[in-house]
Amino acid sequence: MPLLNIKPTQTATWKKLANHFNEAKNYELRELFRENKNREEELSFSLDELFVDYSKNRITKETINLLLSLAEEVELKDAIEKYFSGDKINVTENRAVLHTALRSSSDNPIFIDGKDVKPQIQSALRKMKAFSNKVISGKWKGYTGKPITDIVNIGIGGSDLGPNMVVEALRFYKNKLNTHFVSNIDGDHISEILKKISPETTLFIVVSKSFTTQETINNANTIRDWFLKSATVFDVSKHFIAVSCNINAVDNFGIDKKNIFPMWDWVGGRFSLWSTVGLSICLAIGFDNFKELLKGAEKVDNHFRNTSFDKNIPVILALISVWYNNFFGAETEMILPYSEYLEKFPAYLQQVAMESNGKNVDRDGDEVDYQTGTIVWGGTGVNSQHAFMQLLHHGTKLIPVDFIGFKESLHNLEDHHEKLTANYFAQQEALAFGKTKEDAHLDLKINNESNKISKLLPYKVFKGNQPSNSILFDKLTPFSLGMLIAIYEHKIFTQGVIWNIYSFDQFGVELGKELAQKNVYCL
Ligand code: F6P
């Protein structure tokens, strides 16, 4: 069954939220904390090793209750059940949306058109395990008999960003294989990678769900030509692997059938790192770690599906985001991971969020008259503090922030980690509470700058009141990363349900592709 079609702005709660906003727009975080000493305890929750604190938002219990009633009114529960059960909720492409099935360890079958998808998933996982073990152990040999040292993932969009982000994020857990990613049609990208590898010891994984994507096929052809300068066509099967739904196209490209890892149309590209698209992850960190990633995501899947909305992390994060997007008119959201390993996380999330919810037509085919998809951007803390954070502290825009942090460091450089953590909390505090005129005045006095007060005071005041969430894990592991990614996937799903849009197609990217294929633009 498709998702219900409920226009959010026509619900009774939307009107109540609009009324409530007239008061809430004046909320000051400083005041809200002063009025309620238990605010942090009341507006936070834990899930396993994860602690989420959403107290530094311009909300009260009343706001949350109204947002929760919006979730009820748009029948979010019904939508979640359809999402997990394999209903064809991707109506415009007539597909189910089942990335959650990829990480499900339950024995319950999930049917699409009367066929249980679980056996296919298990068989693909077995194939990934056997293959990655063989390559990592050195039993898989290249055409001159040498073991594999390098992996090149050739793909773009969801066939690149997810695996690339995860391989980078879990570098601490990597084995001896070096993993590279080629995505851009810009020949400079491929050229730089070819400089670093040898055809004798490199495995190329061509990842394309459709196997028609211009950039990927072009890059794969260029790499094969480069490979054939040293090897013969008979050696291709030892070095080229494909991940795709389109077996005929892979066959035509010349990749051996036994080297094809299946993909399914019920897994969206941007949600596919859990599938065979994650083969490069599996090779980089080993199958057991890959399974841990899946387990972390499954933990959040079960939480999202079974927990009441008032204690449901993805639901609450989504509702708060809708609150800022649709009532405060916030245009963007910032993602700030306090881990250098998560450098690629904001870029990865941009595709998941913006390709999913950048939609201007609702589930009734009508143009929406309210804002949908938020713009996601960010970088790693603390580097961002020395770059664009000035605009949050002293600029004119409302930009809610998600701070993502880890209590423990991976390398035991405790002194560094303490300072990193101090910055993690200091930024949240500074954004929320700022610095009053009185405090700024006092500071100038203490610093013997009384003579400059009249001139400098306005520049030394911080208004604060910039909202943020704190998403804090014990440690960066495959399990916690799986949890983190799944939280955002379900947050984005929830927002799509509220906005009454189809979050799982991406027709918006087609026009540019068509024009690029039709025209040769000369410089
Ligand atoms: O152009 C956008 C897109 O369709 C993404 O949604 C997708 O992740 C990417 O291209 C790659 O597609 P494919 O895996 O079919 O090559």
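Everything numeric in this text was worked out from a predicted model, so none of it was measured.

*Asks:* Whenever I open this one, the state of the cysteines confuses me. Can you help?
*Replies:* A covalent bond between the sulfur atoms of two cysteines is what we call a disulfide. As enumerated under the stated definition, the model contains zero disulfides in all. A disulfide-free cysteine, Cys245 has its sulfur positioned 19 Å from the sulfur of Cys282, the nearest such atom. Taking the relative accessible area as the measure of exposure, Cys245 reaches 30% and is therefore partly exposed. With relative accessibility at 0%, the residue Cys282 sits in the buried group.

*Asks:* Quick question: what am I supposed to make of the sheet that holds strand 11 (residues 375–378) here?
*Replies:* In a beta sheet, neighbouring strands pair by backbone hydrogen bonds and run either parallel or antiparallel. Taking strand neighbours across the sheet as the criterion, the six strands line up as 1-2-13-12-10-11 in an open arrangement whose pairing is mixed. Two strands lie at the open edges of the sheet, namely strand 1 (44–47) and strand 11, each paired on one side alone. Across this sheet, the average inter-strand angle for adjacent strands is 15°, counted without regard to direction. Two elements, strand 12 (residues 401–406) and strand 13 (residues 468–473), share six bridges in a ladder whose sense is parallel. The residue bridging Val401 from the neighbouring strand is Ser468, located in strand 13. Contacts from helix 15 (residues 345–357) reach strand 10 (332–337), strand 11 and strand 12 within the one sheet, and its direction differs from that of strand 11 by about 175°.

*Asks:* Can you help me understand the packing of helix 14 (residues 313–328) against helix 20 (residues 478–499) in this one?
*Replies:* The geometry of a pair of packed helices is captured by two quantities: the angle between their axes and the separation between those axes. Put simply, helix 14 and helix 20 touch, their axes get as near as 8 Å, and they point 50° apart. Here helix 14 is positioned oblique relative to helix 20, judged by the angle of their axes. Note on packing geometry: the crossing formed by helix 14 with helix 20 is right-handed. Residues Ile313, Pro314, Val315, Leu317, Ala318, Leu319, Ser321, Val322, Asn325 and Asn326 of helix 14 pack against Ile487, His490, Lys491, Thr494, Gln495, Ile498 and Trp499 of helix 20. Here the contact of helix 14 with helix 20 is composed, by residue class, of ten nonpolar, six polar and one charged.

*Asks:* Even after reading the chapter, I still don't get the pattern of salt bridges, so can you show me in this structure?
*Replies:* Where charged atoms of side chains with opposite charge meet at close range, the side chains can pair. One pass over the structure, following the stated rule, counts 29 salt bridges. A salt bridge links Lys61 to Glu42; the nearest nitrogen and oxygen atoms lie 3.7 Å apart. Linking Lys61 in helix 4 (residues 61–73) with Glu42 in helix 3 (residues 39–42), this pair joins segments that are 19 residues apart in sequence. Across the pair Glu168 and Arg171 runs a salt bridge whose closest N-O atoms are separated by 2.7 Å.

Calculation rules
- Residues numbered from 1 in each chain as written.
- Predicted model: local features only at pLDDT ≥ 70, side-chain atom pairs only at ≥ 80, totals over all residues.
- Heavy atoms only, no water.
- Disulfide = S-S within 2.5 Å.
- Buried < 20%, exposed > 50% of the residue type's maximum accessible area, 1.4 Å probe, protein only.
- Pairing = 2+ DSSP bridges.
- Helix = DSSP H or I, 4+ residues; strand = E, 2+ residues; numbered from the N terminus.
- Axes fitted to C-alpha atoms, helices over the stretch in contact; angles between N-to-C directions.
- Contact = heavy atoms within 4.5 Å.
- Parallel < 35°, antiparallel > 145°, perpendicular 65-115°, else oblique.
- Left-handed = near helix turned anticlockwise from the far one by under 90°.
- Nonpolar A, V, L, I, M, F, W, Y, C, P; charged D, E, K, R; others polar.
- Salt bridge = Lys/Arg side-chain N within 4 Å of Asp/Glu carboxyl O.

The quantities given are spatial measurements derived from coordinates; they are silent on function.
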